[in-house]
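# Commentary on secondary and tertiary structure
Here's the letter readout for the chains.
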Amino acid sequence: MEGVKTGIRFSKETGRHLIHVMDREADIVAVMNKCIGDDQYFIIRARHDHSSQMLSEKDKTDTPELFRIYQLSPALPNPFTITRTLRNEKGKEYRATCEMNSCSVKLRDIDKEINCVWIKEQVADDGHAPAEWFLLTNCAIKHEKDAEQIPEIYSKRWTVEDCHKCYKTGCSIEKRQFDSRKALTASIGLLAISAVVLLRSRYIAKHQHDTPFEIIVTDKAEQELARRLADKYLMPIDRQLCEPHSALWWLLLLGRMGDTRDLKVKACPDGRPFGKDTPFFSL
């Protein structure tokens, strides 16, 4: 709820609309009503089997389960099929064919109608039960393409997990030995900037790997320092994989300067397999 309130203040100060992307712990009626009342969009993975029946109607049917989203959504007519990238429990990506549907529904205690987007993996290839999601949102859904955007936006939530990893592994936040709340809070705030830069560097290196690294590192002195350090740290194989002074060059340099023991690269940006001398960084 505090995060939602922060977003509301941000929207009022900047005039920009936000979409609050939240996991199952945020499946709380008060959170959704707060977003609705303050014109904030949300996408929340359902944790509770919400009902479209009001309390006064609850005892008027012998099959109340048919009005609950866990049965209502999969039973909708004309589901469509999509192929998209999913993640397993360990965060590894894979491609899967999924059934999908959406409906607008007025759920008990929620102030306005919202949309429920249902998506389910057709066949799980690792022996586990097929993955399934019920996503609640007040974003407009007028056709299938709008519905497809909801799980696509929700999938960005994994970046939060990556940010925590940057905090813990890249920035060693748990090893800070401050003994006051004020000092620790200041440290977390400063390291948040480093975490964002790391995530942004990885994103650009993966999707636009030939982009000049000066887009990421804007300080002239730091740019010159990076060029000098590259002569010391980059390996010959690194120079074969990327253009000099590109985003990928910068990411490989960061990794070479850090701890490389637990990191791997699986494929070159152009799809070529890596050899035994491949640099470590996993994109």
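Below is a summary of the structure that appears in this document. (Residues numbered from 1 in each chain as written. Predicted model: local features only at pLDDT ≥ 70, side-chain atom pairs only at ≥ 80, totals over all residues. Heavy atoms only, no water.)

## Things to note about the pairing of strand 2 (residues 41–45)
Most of strand 2 sits inside the fold, with four of its five residues counted as buried. Pairing geometry for strand 1 (residues 19–22) and strand 2, over four bridges, is parallel. The residue bridging I19 from the neighbouring strand is Y41, located in strand 2. With helix 2 (residues 29–37) bridging strand 1 and its parallel neighbour strand 2, the resulting β-α-β unit is right-handed. Here three bridges tie strand 2 to strand 6 (residues 132–137), and the two strands are oriented antiparallel to one another. Residue I43 lies in a different strand from strand 6, and its bridge partner there is T137. (Buried < 20%, exposed > 50% of the residue type's maximum accessible area, 1.4 Å probe, protein only. Helix = DSSP H or I, 4+ residues; strand = E, 2+ residues; numbered from the N terminus. Pairing = 2+ DSSP bridges. Right-handed = clockwise from strand over helix to strand, strands pointing away.)

## Structural notes on the pattern of salt bridges
Counted according to the given criterion, the structure contains 11 salt bridges. As a salt-bridge pair, E2 and K5 come within 3.8 Å of each other at their nearest N and O atoms. Taken together, the positions of E2 and K5, both in helix 1 (residues 2–14) and three residues apart, correspond to about one turn of that helix. Overall, E2 belongs to the exposed group, its relative accessible area being 56%. A residue is classified by how much of its surface remains accessible, and K5, at 33% relative accessible area, is partly exposed. (Salt bridge = Lys/Arg side-chain N within 4 Å of Asp/Glu carboxyl O.)

## A short note on the sheet that holds strand 4 (residues 93–105)
Sheet architecture is open: six strands sit in the order 1-2-6-5-4-3, paired in mixed fashion. What marks the edges here is a single partner per strand, and that holds for strand 1 and strand 3 (80–87). The mean angle between the axes of side-by-side strands here comes to 25 degrees, regardless of whether they run parallel or antiparallel. Note: strand 5 (residues 114–121) against strand 6, six bridges, orientation antiparallel. Within the sheet, the bridge partner assigned to N115 lies in strand 6 and is T137. (Axes fitted to C-alpha atoms, helices over the stretch in contact; angles between N-to-C directions.)

## Observations concerning the pairing of strand 5
When you tally the buried positions in strand 5, you get seven out of eight residues, the bulk of the element. Of the pairings in the sheet, the one linking strand 4 to strand 5 comprises eight bridges and is antiparallel in character. Bridge pairing in strand 5 places S102 opposite V117.

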